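Summary of structural features
This is what each chain is made of:
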Amino acid sequence: MPQGDYIDLHRKRYGYRPDHFERKRKKEARLVHKRSETAQKALGIKGKMFAKKRYAEKALMKKTLIMHEESSTRRKVDDDVHEGSIPAYLIDRVYTTRAKILNNTIKQKRKEKAGKWDVPLPKVRPVAEDEMFKILRSGKRKTKQWKRMITKATFVGPGFTRKPPKYERFIRPSGLRFTKAHVTHPELKATFNLEIIGVKKNPNGQMYTSLGVLTKGTIIEVNVSELGLVTPAGKVVWGKYAQVTNNPEIDGCVNAVLLV
Amino acid sequence: MTMEVEGGEGKGKTMLCLLTDPDGNPLGTPVNFPLNTEPQHLQQIVNQLRQNEERLPYAFYIADKELVESLGKFAEKNKISVEKVLHIVYQPQAVFRIRPVHRCSATIAGHTEAVLSVAFSPDGQQLASGSGDTTVRLWDLNTQTPLFTCTGHKNWVLAIAWSPDGKYLVSGSKAGELQCWDPRTGKPSGNPLIGHKKWITGISWEPVHLSAPCRRFVSASKDGDARIWDVTLRKSVVCLSGHTLAVTCVKWGGDGFIYTGSQDCTIKVWETTQGKLIRELKGHGHWVNSLTLSTEYILRTGAFDHTGKQYSSPEEMKQAALERYNKMKGNSPERLVSGSDDFTMFLWEPFLKKQPKTRMTGHQQPINHVCFSPDGQWIASASFDTSVKLWNGTTGKFVAAFRGHVGPVYQISWSADSRLLVSGSKDSTLKVWDIKARALKLDLPGHADEVFAVDWSPDGQKVASGGKDRVLKLWMG
């Protein structure tokens, strides 16, 4: 392409060649054949690129032709006969179809079966056994290693009595036992100091649940009679679930968020 | 005229009463009635005063409350003073009494898609149903089996209407076309009538007392206009355009006007020779869903009545229909009730003025269907709030609410004697309500899915219902 305007200047000063326009027209007409020749003869990567470009052009041309053809014919609005016929007084009222509702209920049932609950912390870091338990050696020669001490915070009920020391395998140190939790209501954004009623589920395993270990992500049941919640039927709610949100053995307190 | 006076006369034992007819004209002069007069004594007296040849049944109302026990008990209950003259309105009841339907005599399958509309012929001998499978089917009532299948529509059949002389059946579809059928052979009589651009929402025939044999009918469509068609010319003679949104319902009145209700919240009254707009009734706040006229039942059944008499010539039919119409109408103008999505209904007297007479509120969801009783005394309304409400047919005052359905009530239909009402709902049951007792009479379960259409035959023998479960159910007494 010319970098200056010398071609234009020459044309302004001296005009075109006498056969300029004729030659231009004929050259453009020959272009079609030239393109076809290159399309057939080009090899290798050059050929592939050219073929791709040519194909895109062909597809576009076909689409425009179809579009033009469409507008030239007059087509009546021809609806197919749909399923799910409804009377005239219901046609303009679009409600969720029964199928959608059914689909939703099926999904709900599946979720319930799988036990996947909607909790604030869905995933927690798994706690390894050696992190959880400290091996206590016992016996005259300190060779017996069947006793374990739990290094995490635990909850034992109010009526808890230790098993006879000779037989207890799991030791829950009293320094790491908690009875109350700081429970935050997610909507009210207020925190209350509520008594723990029990450990519902520990995500690390049901052994830890039965031992009453409180790690991050554990679902506990707390006494909410302080809050004064009432069910729609009129009964007073006194127990609700909450999920532990911190590491109690590090912080020294149990923080939880109420599951509403 | 003699009157038995029991227990002696005296201020404490009798009451001064004046009997008036429903229009307010007094019958005789104020008379002293003893306090233990029962309604049947009053019936005898009215029959004598009116000089009726046969004993016609009457019901008595004092200030819109029905008189069921003796005058004295009624006065005590409602604390009516015995000093003033008491006006007792008597209403003629139908001579025949319809037995309530309580069993499903037949479940006829045949349609392959949901049944969208059912209609009995005016003489009650034939039954037609339109469905989503694009066919209209005619059913034999004696053997309770399918009779004819009329194919020809291109999309769902949304509306069907019998001509008042029973000679034609017209059906309208979702494709906007109307087709005329000959009910005796099941064949189409002519090509489909094209003109509307969107689906048909309602069809109404010209009353037979205005022109016999029946030739013209009007159809309403979603595209916003109503068209008057002539079946003999097989084309649209007048196009009533003016509504800006879909026309949801259309009724041809007995006085020769066409009433159209539309989604643009207005009701327009049209003149039928040239299609000129006469009145526009404004007042609703949302779509007008349904219209009903006080003379609707008479217009639908034409010359046929409960005696089952057949007529040979159109002139005879026209004469008989005119007599029935005049008897029913009396001196008062035709009343129109419109039910709307704004949860209210209006009672209009379109002949007199364009302000509504009464506004009837009380429903909590859109009203789908309103229907006058055959004698014009009551108005029933079916709404999506699962209740059916009963209103006084002349004043529009609320009378009773029928609760029992657990889903939106779609359609209602009256029995020919105006004593029973059947309603079909989304909860797949039909319920028969007793008007006198103002309570549920019978529950008719049996449909497997939503009930879209119900109709009570004009001879009162059968109820037909169809719905989403694709079967037609016939219920008998």
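Residues numbered from 1 in each chain as written. Chains lettered and ligands numbered in written order. Predicted model: local features only at pLDDT ≥ 70, side-chain atom pairs only at ≥ 80, totals over all residues. Heavy atoms only, no water.

In the annotation of an unreviewed UniProt entry, the entry for chain B reads Notchless protein-like protein, and the organism field reads Pyrus ussuriensis x Pyrus communis. UniProt, in its Sequence similarities (unreviewed entry) section for chain B, records the words "Belongs to the NLE1/RSA4 family." Under Subcellular location (unreviewed entry), UniProt gives the following word-for-word description of chain B: "Nucleus, Nucleolus". (UniProt positions renumbered as here; feature names shortened; annotations may be inferred.)

Under an unreviewed UniProt entry, the name given to chain A is Ribosome biogenesis protein NSA2 homolog, and the source organism is Pyrus ussuriensis x Pyrus communis. For the record of chain A, the UniProt heading Sequence similarities (unreviewed entry) holds the text "Belongs to the eukaryotic ribosomal protein eS8 family. Ribosome biogenesis protein NSA2 subfamily." The UniProt entry for chain A carries the following comment under Subunit (unreviewed entry): "Component of the pre-66S ribosomal particle."

**Details of the overall build of chain B**
Looking only at helices and strands, one finds 4 helices and 37 strands in chain B. Evaluated residue by residue, chain B yields a buried proportion of 59% over its 477 residues. Carbon and sulfur atoms make up 50% of the accessible area of chain B, which amounts to about 19300 Å² in all. (Helix = DSSP H or I, 4+ residues; strand = E, 2+ residues; numbered from the N terminus. Buried < 20%, exposed > 50% of the residue type's maximum accessible area, 1.4 Å probe, protein only. Areas by Shrake-Rupley, 256 points an atom, 1.4 Å probe, with all protein chains shown as cover.)

**A look at the layout of surface pockets**
Residues and elements named next belong to chain B. As a volume, the largest pocket reaches approximately 1500 Å³. Pro-92, Arg-324, Lys-327, Met-328 and Asp-375 are the residues nearest the centre of the largest pocket, which is lined by 47 residues in total. The set of elements that each furnish at least two residues to the lining of the largest pocket consists of strand E5 (86-92), helix H3 (296-301) and helix H4 (314-329). If you tally residues by element for the lining of the largest pocket, the top one is H4, at 6 residues. Considering only residue class, the lining of the largest pocket consists of 18 nonpolar, 13 polar and 16 charged. Split by domain, the residues of the lining of the largest pocket number at least three in each of domain 1 (14-92) and domain 2 (103-476). (1 Å grid on protein atoms, 1.4 Å probe; cavity = no way out; pocket = protein on both sides within 12 Å on 5 of 7 lines; lining within 4 Å. Points joined across faces, edges and corners; volume = space filled by probe spheres on them. Nonpolar A, V, L, I, M, F, W, Y, C, P; charged D, E, K, R; others polar. Domains from an automatic or database assignment.)

**Some thoughts on the sheet that holds strand E4 (residues 65-66) of chain B**
Hydrogen bonds along the backbone pair up the strands of a sheet, which may run parallel or antiparallel. Residues and elements named next belong to chain B. Strand order in the open sheet made by the 5 strands is E2-E1-E5-E3-E4, with mixed pairing throughout. Two strands close off the open sheet at either side, each with one partner strand: strand E2 (26-34) and E4. Sitting on the sheet, helix H1 (residues 39-50) is in contact with strand E1 (14-20), E2, strand E3 (58-62) and E5, with an inclination near 110 degrees to E3. (Pairing = 2+ DSSP bridges. Contact = heavy atoms within 4.5 Å. Axes fitted to C-alpha atoms, helices over the stretch in contact; angles between N-to-C directions.)

**Some thoughts on the sheet that holds strand E4 (residues 170-171) of chain A**
All names here are of chain A. Read from one edge to the other, the open sheet built from 3 strands follows the order E1-E2-E4, with strand pairing classed as mixed. Because the sheet does not close on itself, it has two edges, and the strands there are strand E1 (133-138) and E4. Bridge analysis of strand E2 (residues 144-150) against E4 gives 2 bridges, and the strand direction is parallel. Its bridge partner being in E4, Arg-148 is matched across the sheet by Phe-170.

**A few points about the UniProt feature "repeat: WD" (unreviewed entry) in chain B**
Residues and elements named next belong to chain B. With numbering matched to this structure, UniProt assigns "repeat: WD" (unreviewed entry) to residues 108-149, 150-191, 193-231, 240-280, 360-401, 402-436 and 444-477. Along residues 193-231 the backbone is 0% helical and 46% strand, and the end-to-end C-alpha distance reaches 9 Å. Between the C-alpha atoms that bound residues 444-477 there is a distance of 12 Å. The span itself is 0% helix and 56% strand.

**Concerning the interface of chain B and chain A**
Between chain B and chain A, the residue contacts involve 26 residues of the former and 17 residues of the latter. For the chain B and chain A pair, buried surface summed over both sides reaches about 1800 Å², with 53% attributable to carbon and sulfur atoms. Counting the surface chain B buries against chain A, the share from its top three residues, Glu-113, Trp-156 and Phe-452 of chain B, is 26%. Applying the counting criterion to the chain B and chain A interface returns 2 salt bridges. For Lys-222 of chain B, the salt bridge goes to Asp-92 of chain A, with nearest N and O atoms at 3.4 Å. Inspection of the chain B/chain A interface yields 6 residue pairs in polar contact (both at pLDDT 80 or more). Elements that contribute at least two residues to the side of chain B that touches chain A include exactly strand E15 (200-205) and strand E31 (409-414) of chain B. (Buried area = accessible area lost by both parts, 1.4 Å probe. Salt bridge = Lys/Arg side-chain N within 4 Å of Asp/Glu carboxyl O. Polar contact = N/O pair within 3.5 Å; in protein donor to acceptor, adjacent residues only side chain to side chain.)

**Focus on a positive patch on the surface**
On the surface, Arg-23, Lys-26, Lys-27 and Arg-30 of chain A cluster together to form a positively charged patch. By secondary structure assignment, the location of Lys-26 of chain A is in helix H2 (residues 20-41). (Patch = residues over 30% accessible without salt bridge, like charges linked within 9 Å, V, L, I, M, F, W, Y side chains within 5 Å. Lys, Arg positive; Asp, Glu negative; His and termini not counted. Charge placed at Lys NZ, Arg CZ, Asp CG, Glu CD.)

**Observations concerning the nonpolar core**
Ranked by size, the top nonpolar core spans 20 residues in total, and within it Val-170, Leu-178, Ile-203, Trp-205, Phe-217, Ala-303 and Tyr-311 of chain B carry the most contacts. Elements supplying a minimum of two residues to this core: strand E11 (157-162), strand E13 (178-182), E15 and H4 of chain B. (Core = buried A, V, L, I, M, F, W, Y, C linked by side-chain atoms within 4.5 Å.)

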